[in-house]
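Chains, contacts and geometry: an overview
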Amino acid sequence: MVEVGALVSSIKATVELAKSAKDVNDQAKLNAAVSDIMEKLVAMQSELFAKQQENHTLFEEVKQLKEKIEKDKRFDQYQLEKTALGGYVLTLCDSNSSENHPKHSICPSCREDGRLSILEEGTYSFNCQVCKYTAKIRQVPPIRVSYPR
Ligand SMILES: [Zn+2]
């Protein structure tokens, strides 16, 4: 990783070199100084390019993190709730529910993957249609089979 401070120092040193080179009368010394300056400029150009690449990578990372944070905010309006049979669901807080946004529960398993999946509320359980997560609400009554006498 190229440090910006080192790059700035390098630029300053090259400028100083150029300043002192303009007072040189000896052609051989002048040629050497110009060659030295050119070499330093090429090195700085490649360092700047590396810096630009690095900035681009960081910029992309920040952008992705911001998007993730923004997406995760949707889950802030839900709270974890335990069903009577010990299953867990994330239920919309009362303060966030309204006529256009009725109370519902979402899948805690999908939430871990950053997905907001609304659970289907059945008579006996909450069911996720995406990952098949199930949270039991009440026991399914035993099936009574009556035989004809
Ligand atoms: Zn799910």
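Model, not experiment: these values are computed from the prediction. (Residues numbered from 1 in each chain as written. Predicted model: local features only at pLDDT ≥ 70, side-chain atom pairs only at ≥ 80, totals over all residues. Heavy atoms only, no water.)

Attention now goes to the coordination of the zinc ion. Surrounding the zinc ion are the protein donor atoms Cys-107 (SG), Cys-110 (SG), Cys-128 (SG) and Cys-131 (SG), which sit 2.2 to 2.3 Å from the metal. Taken together, the four donor atoms surrounding the zinc ion define angles of 103 to 112 degrees at the centre, an arrangement classified as tetrahedral. One chain supplies every donor for the zinc ion, spaced along it as C-x2-C-x17-C-x2-C. Look at Cys-128 and you get buried, because its relative accessible area is 2%. The exposure class of Cys-131 is partly exposed, given its relative accessible area of 29%. (Donors = N, O, S within 2.8 Å, 3.2 Å for Na, K, Ca; no water. Tetrahedral: all angles 85-135°; square planar, octahedral: opposite > 155°, others 65-115°. Buried < 20%, exposed > 50% of the residue type's maximum accessible area, 1.4 Å probe, protein only.)

Pairing between strand S1 (residues 78–82) and strand S2 (residues 88–92): five bridges, direction antiparallel. The residue of S2 that forms the bridge with Glu-81 is Val-89. Between S1 and S2, which pair antiparallel one after the other, the connecting turn spans five residues, and Gly-86 there sits at a positive phi close to 85 degrees. (Pairing = 2+ DSSP bridges. Helix = DSSP H or I, 4+ residues; strand = E, 2+ residues; numbered from the N terminus.)

Taking 1.5 Å as the rise per residue, helix H1 (residues 4–21) with 18 residues should run 26 Å; its terminal C-alpha atoms sit 26 Å apart, in good agreement. Those residues of H1 lying buried are Leu-7, Thr-14 and Ala-21. Taken end-on, H1 shows its buried residues confined to a sector of 45 degrees, consistent with a single buried face. On its buried face, H1 is in contact with helix H2 (27–72). (Expected span 1.5 Å × (residues − 1). Arc of directions from axis to C-beta. Contact = heavy atoms within 4.5 Å.)

Taken together, the three strands give an open sheet; going across it, the order is S1-S2-S3, and neighbouring strands pair in antiparallel fashion. Unpaired on one side and paired on the other, S1 and strand S3 (105–106) mark the two borders of the sheet. By the bridge criterion, two bridges tie S2 to S3 in an arrangement that is antiparallel. Pairing of Leu-90 across the sheet is with Ile-106, part of S3.

Glancing now at the packing of aromatic side chains. The full count for this structure, using the stated rule, is zero aromatic pairs. Against the face of Phe-75 rests Arg-111, its NZ or CZ located 4.3 Å from the ring centre. (Phe/Tyr/Trp six-rings, centres within 6.5 Å; stacked < 30°, edge-to-face > 60°. Lys NZ or Arg CZ within 6 Å of the ring centre and 35° of its normal.)

Residues at a pLDDT of 70 or more form 99% of the protein chain, whose mean pLDDT is 91. The weakest mean pLDDT in the protein chain belongs to H1 at 86; the strongest belongs to S3 at 98. (pLDDT = per-residue confidence, 0-100.)

All right, on to the sheet that holds strand S4 (residues 120–121) then. With antiparallel pairing, three strands are arranged side by side in an open sheet as S4-S5-S6. Edge positions in the sheet fall to S4 and strand S6 (134–136), since each of these pairs with one other strand and no more.

Attention shifts here to the environment of Gln-77. Here Gln-77 lies in the loop between H2 and S1. A C-alpha to C-alpha distance of 9.0 Å links Gln-77 and Asp-94, two positions 17 residues apart in sequence. Filtering out sequence-adjacent residues up to four positions away, Gln-77 remains in contact with Thr-91, Leu-92, Cys-93, Asn-96 and His-101.

Here the focus is the domain arrangement of the protein chain. Domain parsing of the protein chain yields domain 1 (4–72) and domain 2 (83–136). Spacing between the C-alpha centres of domain 1 and domain 2 amounts to 54 Å. (Domains from an automatic or database assignment.)

This paragraph deals with the side chain of His-104. Assignment of secondary structure puts His-104 in the loop between S2 and S3. In terms of polar contacts, His-104 uses its side chain to reach the backbone carbonyl oxygen of Pro-102, at 2.8 Å. The residues contacting His-104, other than those within four sequence positions of it, are Tyr-78, Leu-90, Thr-91, Leu-92 and Ile-118. (Polar contact = N/O pair within 3.5 Å; in protein donor to acceptor, adjacent residues only side chain to side chain.)

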